[in-house]
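Breakdown of the fold
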Amino acid sequence: MNKVVVMASGEGSNFSAIVDRGIEVDRVITDNPNANVIKRAEKVGVPVFAFDRKEGDRKYGSGWCDRMVDESIPEDVSLIVLAGYMRILSPYFVKKWVDKIINIHPSLLPAFGGGCHAIKDAWEHGCKVFGVTVHWVIEEVDAGPIITQRAIHKFDDDTLESITDKIHRVEHYVYPDAIKKLLQGET
Ligand code: GAR
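No experiment lies behind these values; they were computed from the predicted model shown.

**Examining the overall build of the protein**
Regarding its fold elements, the protein presents seven helices and seven strands. Traced from its N-terminal end to its C-terminal end, the protein shows the element sequence β-α-β-α-β-α-α-β-α-β-α-β-β-α. A compact globule built from 187 residues should have a C-alpha radius of gyration of about 16 Å, and the protein, at 16 Å, falls within 12% of that. Counting only C-alpha atoms, the protein reaches 50 × 40 × 30 Å along its principal axes. The proportion of buried residues among the 187 residues of the protein is 44%. For the protein, the share of sequence-separated contacts (at least 6 apart) that also reach a separation of at least 24 residues comes to 55%. A total of about 9700 Å² of accessible surface is found on the protein, and carbon and sulfur atoms cover 51% of it. The average position of the 23 basic charges and that of the 28 acidic charges among the side chains of the protein differ by 2 Å.

Next comes the structure, spelled out in structure tokens:
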């Protein structure tokens, strides 16, 4: 049976989209004890492993949280799905789970990679086309092989808010689609 682990730091709308599409999630791992994804996971009965990265790093030194995260991944995991996980994973973690970690990023990579404000950066750059990329995770941030992409065209009456909303809506069908295909060995 497939074992999917979702890692998220914030709202968790992609987590919900994944669950709503019938993908069974084994657990959610978060580095933010206040993340809304915790409430979403509890609502649908998915176990949550929450760590306070800032607190942990302060107490035990950097790398502590990555070790805790690593220990929370089941050895027989099929796919580690980053869904708004806003921390850079350690080289150790990426090497250990190579070919099992995927990420979604709200831009047409390699444009606007490497940050947490890709949509705003693209907007401020004056982009006419926005997008979404699902990719494999390698040590270099947002640089792994691309699994799938979707372009979203800006209309004259779009605002940063409306484009952000469109991008999220596209994410919510593109990510579950990609995950389903990967689990079925189609990609
Ligand atoms: C999503 O838009 C995702 O693409 C982005 O964070 C958001 C999380 O939303 N990820 C990144 O920017 C990664 N660098 P969610 O918590 O509602 O799923």
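On we go.
**Considerations on the packing of aromatic side chains**
Note on aromatic pairs: each is described by the distance of the centres and the angle between the planes. Per the counting criterion, the structure on display carries one aromatic pair. Taken together, a centroid distance of 6.2 Å and an interplanar angle of 35° make the contact between Trp123 and Phe130 tilted. The class for Trp123 is partly exposed, based on a relative accessible area of 25%. The exposure class assigned to Phe130 is buried, which follows from its relative accessible area of 3%.

**Details of the sheet that holds strand 3 (residues 48-50)**
Across the sheet, seven strands lie side by side as 3-2-1-4-5-6-7; this open sheet has mixed pairing. The two strands at the open ends of the sheet, each matched to only one other strand, are strand 3 and strand 7 (146-153). Along the sheet, successive strands turn relative to each other by an average axial angle of 15°, direction set aside. Bridge count for strand 4 (residues 79-82) against strand 5 (residues 101-105) is three bridges, and the pairing is parallel. Within strand 5, the residue paired with Val81 across the bridge is Ile102. Relative to strand 2 (residues 25-30), helix 1 (residues 13-20) is tilted by about 180°, and along the sheet it contacts strand 1 (4-7), strand 2, strand 4 and strand 5.

**Describing the environment of Asp158**
Position of Asp158 among the secondary structure elements: in the loop between strand 7 and helix 7 (160-183). Classification of Asp158 as buried rests on a relative accessible area of 8%. A distance of 2.8 Å separates a polar atom in the side chain of Asp158 from the backbone nitrogen of Phe155. Among the polar contacts listed, one links the side chain of Asp158 to the side chain of Lys166, at a separation of 2.9 Å.

**Some remarks on the pattern of salt bridges**
According to the stated counting rule, one finds eleven salt bridges in the structure shown. With a closest N to O distance of 3.0 Å, Asp165 and Arg169 form a salt bridge. Here the residue Asp165 and the residue Arg169 both occupy positions in helix 7, the gap between them amounting to four residues, near one helical turn. Look at Arg169 and you get exposed, because its relative accessible area is 52%.

The rules behind these values
- Residues numbered from 1 in each chain as written.
- Predicted model: local features only at pLDDT ≥ 70, side-chain atom pairs only at ≥ 80, totals over all residues.
- Heavy atoms only, no water.
- Helix = DSSP H or I, 4+ residues; strand = E, 2+ residues; numbered from the N terminus.
- Rg over C-alpha atoms; globule rule 2.2 N^0.38 Å.
- Buried < 20%, exposed > 50% of the residue type's maximum accessible area, 1.4 Å probe, protein only.
- Contact = heavy atoms within 4.5 Å.
- Areas by Shrake-Rupley, 256 points an atom, 1.4 Å probe, with all protein chains shown as cover.
- Lys, Arg positive; Asp, Glu negative; His and termini not counted.
- Charge placed at Lys NZ, Arg CZ, Asp CG, Glu CD.
- Phe/Tyr/Trp six-rings, centres within 6.5 Å; stacked < 30°, edge-to-face > 60°.
- Pairing = 2+ DSSP bridges.
- Axes fitted to C-alpha atoms, helices over the stretch in contact; angles between N-to-C directions.
- Polar contact = N/O pair within 3.5 Å; in protein donor to acceptor, adjacent residues only side chain to side chain.
- Salt bridge = Lys/Arg side-chain N within 4 Å of Asp/Glu carboxyl O.

Read these as geometric descriptors, not functional statements.
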